Amino acid sequence: MAIRVLSDKVASQIAAGEVVERPASVVKELVENSIDAGATSVQVETREGGKRYIRVVDDGRGVPATEVELAFRRHSTSKLSTADDLDRIATLGFRGEALASIASVSRVTFVTRVADEPVGTLLRLEGGKVVAQQESGRPPGTAVTIEDLFFNVPARRKFLRTDRTERGHIGGWLTRYAMAYPELRFTLSHDERIVFQSAGNGQLRDVLVAVYGLELGAAFLEVVSDERETSIHVAGFVSPPALHRANRSYITLFVNGRWVRDTRLTYAVIQAYHTLLPTGRYPLGVVMVRLPPEEVDVNVHPAKAEVRFRDGDAAFRAVQKAVRRVLVERSPVPLASRPSTSWPAAAPFRPGRGERFERLAGLGPAVEQMRFEARPADTTRPDEAAPVVSSDRLPPLRVVGQVGTTYVVAEGPGGMYLIDQHAAHERILFERLLAERERAAVASQTMLE
Ligand code: ADP
Ligand code: MG
């Protein structure tokens, strides 16, 4: 075959291959556009794992009527104009290829309005070709609907996985962005069921609770870097040394608000736990690195999932130090004296002698696995493992929800239970220590002096 220049259509489909791998990549690109547009709320809806339908609605600044069609041309962007701008990218997008790529392999309906125009614009494209453009009413912001992804690329469609798997990938992206932007309200629903929601109150810890569940969310330690030491700002949350996982995939990194894979920075987090974790175990964490945009090259990876630091060692040190600092400051030191078994008077629970308060299973959506057991006081001696009197045992509870990150509301056959989760947690720790003490297994160490 002779050499020829590919038609625009073929060229865009090839380019789309890099940007659009699966429904989750569409969600990622659209959500990034919403964030770049200054949205405060981003709602994502999918059907059939996003293969049939994806809709992203935001309240961002929208696209002026005269520019809507332009937004779908390849290499058209409002975020960059000269090559020099590449040195200081402050937005998530900058290549102007996402919308064009997505449109070339799906049916798109893009409805948008800027606040100072009286009416919005609706643009419809199929396989990259505009099939309709008209005025349309909508509040300021943008709603993008993607239908029948890869309808014109059967080879690609074949590689899509089950709805469930595709939903999982979409959820992964949404929770990452919810963590990176706690001040934005994200909602994700699959097949008309809301599966994830972030409050948008600016509190990363609240997002962590939404993502990892109550107990993990509450256990994380907050990382704050010392501004005097470096211009590289590190923030986020990491697990206390008692919490760990069998692989490093629970370490999530963001650089200037962009989720990245970075083996070195991941290693910096792990290194900070040096000697604190058993071998082969890894911490969990969400670490946000912020540095001047000119210090980092974001244009090194087709899906923008990797970045290059001008000074990689400095970034490594900043992360390692910030994480290490919080671990040293906040990790509990083993007790040297024998703990008293009497419960502090101010505590909301009194430990009746035989009362037991038991945690089932490990971590995870912990509260759902919490079970309470009560036995009348004085029926047993504490060192006897007497069977629990079943009539006094609280039934397994179904957790209904949580109020003010303070109370767990649960339902049992007998009615509603309101659980003060902090008191409950203290009680669990207390019982654990008591049990360890009875087994003479309390971690202790002799002080030098
Ligand atoms: P990029 O994000 O790299 O600029 P895209 O193809 O994703 O490229 O988007 C092209 C342009 O369309 C953006 O630069 C932006 O001006 C506009 N745009 C896309 N999505 C939105 C949105 N949700 N709100 C406002 N403007 C948008
Ligand atoms: Mg974009």
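Model, not experiment: these values are computed from the prediction. (Residues numbered from 1 in each chain as written. Chains lettered and ligands numbered in written order. Predicted model: local features only at pLDDT ≥ 70, side-chain atom pairs only at ≥ 80, totals over all residues. Heavy atoms only, no water.)

1. Quick notes on the overall build of the chain
A count of helices and strands for the chain gives ten helices and 20 strands. Across the chain, the fraction of contacts at a sequence separation of at least 24, relative to all contacts at a separation of at least 6, is 62%. (Helix = DSSP H or I, 4+ residues; strand = E, 2+ residues; numbered from the N terminus. Contact = heavy atoms within 4.5 Å.)

2. Quick word on a negative patch on the surface
On the surface, a cluster of negative charge is made up of Asp84, Asp87, Glu294 and Asp297. Counting through the fold element by element, Asp87 comes out in the loop between β2 (53-58) and α3 (98-104). (Patch = residues over 30% accessible without salt bridge, like charges linked within 9 Å, V, L, I, M, F, W, Y side chains within 5 Å. Areas by Shrake-Rupley, 256 points an atom, 1.4 Å probe, with all protein chains shown as cover. Salt bridge = Lys/Arg side-chain N within 4 Å of Asp/Glu carboxyl O. Lys, Arg positive; Asp, Glu negative; His and termini not counted. Charge placed at Lys NZ, Arg CZ, Asp CG, Glu CD.)

3. Quick word on the packing of helix α8 (residues 263-272) against helix α9 (residues 312-330)
Running from N to C, α8 and α9 cross one another at 30°; their axes reach a closest spacing of 8 Å. On the basis of the axis angle, α8 is roughly parallel to α9. As for the relative orientation of α8 and α9, their crossing is right-handed in sense. Contacts between α8 and α9 involve Arg264, Leu265, Tyr267, Ala268, Val269, Gln271 and Ala272 on the former and, on the latter, Gly312, Asp313, Ala315, Phe316, Val319, Gln320, Val323, Arg324 and Leu327. (Axes fitted to C-alpha atoms, helices over the stretch in contact; angles between N-to-C directions. Parallel < 35°, antiparallel > 145°, perpendicular 65-115°, else oblique. Left-handed = near helix turned anticlockwise from the far one by under 90°.)

4. Here's the deal with the site of ligand 1
Around ligand 1, a shell composed of 18 residues is seen, among which Asn33, Thr77, Ser78, Lys79 and Gly96 lie nearest. Between ligand 1 and the protein, one listed contact pairs a nitrogen atom with a side-chain N or O atom of Asp58 at 2.9 Å. A distance of 2.8 Å is found between an oxygen atom of ligand 1 and a backbone nitrogen or oxygen belonging to Gly96. If ligand 1 stood free it would expose 530 Å²; the protein chains cover 92% of that surface. For the shell around ligand 1, a count of residues per class yields six nonpolar, eight polar and four charged. (Near = heavy atom within 4 Å. Polar contact = N/O pair within 3.5 Å; in protein donor to acceptor, adjacent residues only side chain to side chain. Nonpolar A, V, L, I, M, F, W, Y, C, P; charged D, E, K, R; others polar.)

5. Description of the packing of helix α5 (residues 163-180) against helix α6 (residues 204-212)
Closest axis-to-axis distance for the α5/α6 pair is 9 Å, and the angle between their directions is 160°. Between α5 and α6, the interaxial angle falls into the category roughly antiparallel. In terms of crossing hand, the pair formed by α5 and α6 is left-handed. Contact residues: α5 offers Thr175, Ala178 and Met179, while α6 offers Leu204, Val207, Leu208, Val211 and Tyr212. Counted by class, the contact of α5 with α6 contains seven nonpolar, one polar and no charged residues.

6. Side note on a nonpolar patch on the surface
Together, Val403, Tyr407, Met416 and Leu418 line one region of the surface with nonpolar side chains, adding up to about 420 Å² of accessible area. With respect to the element layout, Leu418 can be found in strand β20 (residues 415-420). Take Leu418: its relative accessible area is 54%, and that puts it in the exposed class. (Buried < 20%, exposed > 50% of the residue type's maximum accessible area, 1.4 Å probe, protein only.)

7. Focus on the confidence of the model for the chain
Chain-level statistics for the chain give a pLDDT mean of 84 and a share of 85% at 70 or above. Below pLDDT 50 for its whole length, residues 334-379 participates in 89 contacts with residues either more than four positions away or in separate chains. Under a pLDDT of 50 for its full length, residues 381-391 has, in the predicted model, twelve contacts with residues more than four places off or in other chains. (pLDDT = per-residue confidence, 0-100.)

8. Remarks on α8
Regarding α8, the residues found buried are Leu265, Thr266, Ala268, Val269, Ile270 and Ala272. In this structure Asp262 caps α8, since a side-chain oxygen of it lies 3.0 Å from the backbone nitrogen of Arg264.

9. With respect to the pairing of strand β19 (residues 407-412)
Direction of pairing for strand β18 (residues 398-403) relative to β19: antiparallel, over a ladder of five bridges. Within β19, the position partnered with Val403 by the bridge is Tyr407. Hairpin geometry of β18 and β19 is characterised by an intervening segment of three residues between the two adjacent antiparallel strands and by a positive phi of about 55° at Gly404. Between β19 and β20, which pair antiparallel and follow one another directly, the connecting turn spans two residues. (Pairing = 2+ DSSP bridges.)

10. Focus on the sheet that holds strand β3 (residues 107-113)
Strand order in this open sheet of eight strands is β5-β4-β3-β6-β2-β1-β7-β8, and the pairing throughout is mixed. The open sheet has two edge strands with one neighbour each: β5 (129-136) and β8 (193-197). Each strand of the sheet is rotated relative to its neighbour by a mean of 15°, with strand direction disregarded. By the bridge criterion, four bridges tie strand β7 (residues 185-190) to β8 in an arrangement that is antiparallel. Pairing of Thr187 across the sheet is with Gln197, part of β8. Each of β1 (41-47), β7 and β8 is contacted by α5, which is oriented at about 170° to β7, the strand it contacts most.

11. A short note on unusual backbone geometry
The phi dihedral of Glu192 falls on the positive side, at around 70°, and the residue is not glycine. Along the chain, the position of Glu192 falls in the loop between β7 and β8.

12. A word on the sheet that holds β18
Across the sheet, three strands lie side by side as β18-β19-β20; this open sheet has antiparallel pairing. Every other strand in the sheet has two partners, leaving β18 and β20 as the edge strands with one partner each. Taken pair by pair, the neighbouring strands of this sheet meet at an average axis angle of 25°, ignoring direction. Of the strands in this sheet, β18, β19 and β20 touch helix α10 (residues 421-438), which is tilted by about 70° from β20.

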